[in-house]
Amino acid sequence: METSAQTSISHQNDPKVGAGILLRTLRFAGEHSPRPKIGDTCWVHYEGFVWEDSDSNNGDLPLVEMKKFDSSRQRKQPLKLKLGEGHVMEGWEVALPNLKLNELAEVTIPHLYGYGEQGYPPKIPGKATLVFRMEIIKIESSTSSPSSLSWWRKVFKRVR
């Protein structure tokens, strides 16, 4: 039986309000599993999909198709990143501090937090909504991590 919880992410004073990120937990981690902090190094396994609407269904509700464009799991090589340095898209920087170690989540990122108006041709068109299945498999704490993630915590609002 698969359980899930959803979290909607948007920043209150951000011009992108209304274009929040949706985080859906697919596999929960333990209650005491750590979350990464800004400055921590994370190893993340992910699969990236482009969300595409299809109008070819005779005027009914639009069909949604997701096309995989990248996978660290297929490469058998997790992505290593230092949180807060801006080496990944803003949607990742917002979502990762809210994931726990070994938690599997599906993160839907609108273009404003992804690759923007221009996209990342040829794999990702402009204004593309992206969906990532993400799992933090290792966290290496930084001694210089800020003690407060209040900015990030304000970004989240639980959806039940």
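Residues numbered from 1 in each chain as written. Predicted model: local features only at pLDDT ≥ 70, side-chain atom pairs only at ≥ 80, totals over all residues. Heavy atoms only, no water.

A. Local environment of the packing of aromatic side chains. One pass over the full model with this rule turns up five aromatic pairs. Pairing Tyr46 with Trp92 gives two aromatic rings, centres 5.1 Å apart and planes at 80 degrees, and the pair type is edge-to-face. Of this pair, Tyr46 sits in strand 3 (residues 41-54) while Trp92 is found in helix 2 (residues 90-95), placing the two residues 46 residues apart along the sequence. Each of the two residues, Tyr46 as well as Trp92, counts as buried. Residues Tyr115 and Tyr120 carry aromatic rings whose centres are separated by 5.3 Å and whose planes lie at 35 degrees to one another, so their mutual orientation is tilted. Chaining the aromatic ring pairs together yields one cluster made of Tyr46, Phe69, Trp92 and Phe132. Over the face of the ring belonging to Trp43 we find Lys138, whose NZ or CZ atom lies 4.3 Å from the ring centre. (Phe/Tyr/Trp six-rings, centres within 6.5 Å; stacked < 30°, edge-to-face > 60°. Helix = DSSP H or I, 4+ residues; strand = E, 2+ residues; numbered from the N terminus. Buried < 20%, exposed > 50% of the residue type's maximum accessible area, 1.4 Å probe, protein only. Lys NZ or Arg CZ within 6 Å of the ring centre and 35° of its normal.)

B. Here's a closer look at the nonpolar core. Counting 28 residues, the largest nonpolar core has Val44, Trp92, Leu96, Ile109, Leu130, Phe132 and Met134 as its most contacted members. Broken down by secondary-structure element, the contributors of at least two residues to this core are strand 2 (21-27), strand 3, helix 2, strand 6 (104-109) and strand 7 (129-140). Not counting residues within four places of it along the chain, the set of residues in contact with Leu96 comprises Pro36, Val44, Leu81, Leu83, Met134 and Ile136. (Core = buried A, V, L, I, M, F, W, Y, C linked by side-chain atoms within 4.5 Å. Contact = heavy atoms within 4.5 Å.)

C. Representation of the pattern of salt bridges within the structure. Applying the stated criterion across every chain yields a total of eight salt bridges. With a closest N to O distance of 2.4 Å, Glu135 and Arg73 form a salt bridge. With Glu135 in strand 7 and Arg73 in helix 1 (residues 72-75), this pair connects stretches of sequence that are 62 residues apart. The residue Glu117 makes a salt bridge to Lys127 at a minimum N-O spacing of 3.8 Å. (Salt bridge = Lys/Arg side-chain N within 4 Å of Asp/Glu carboxyl O.)

D. Up close: unusual backbone geometry. Residue Pro122 is reached from Pro121 by a cis peptide bond, and omega for that bond is 5 degrees. By the secondary structure assignment, Pro122 is in the loop between strand 6 and strand 7. Located in the positive-phi region is Lys76, a residue other than glycine, with phi close to 60 degrees. Along the chain, Lys76 turns up in the loop between helix 1 and strand 5 (79-82). The phi dihedral of Asn102 falls on the positive side, at around 70 degrees, and the residue is not glycine. You can see Asn102 is positioned in the loop between helix 2 and strand 6. By relative accessible area, Asn102 is classed as partly exposed at 38%.

E. Up close: the environment of Leu112. Note that Leu112 resides in the loop between strand 6 and strand 7. In this structure the C-alpha to C-alpha distance between Leu112 and Ile21, which are 91 residues apart in sequence, comes to 9.7 Å.

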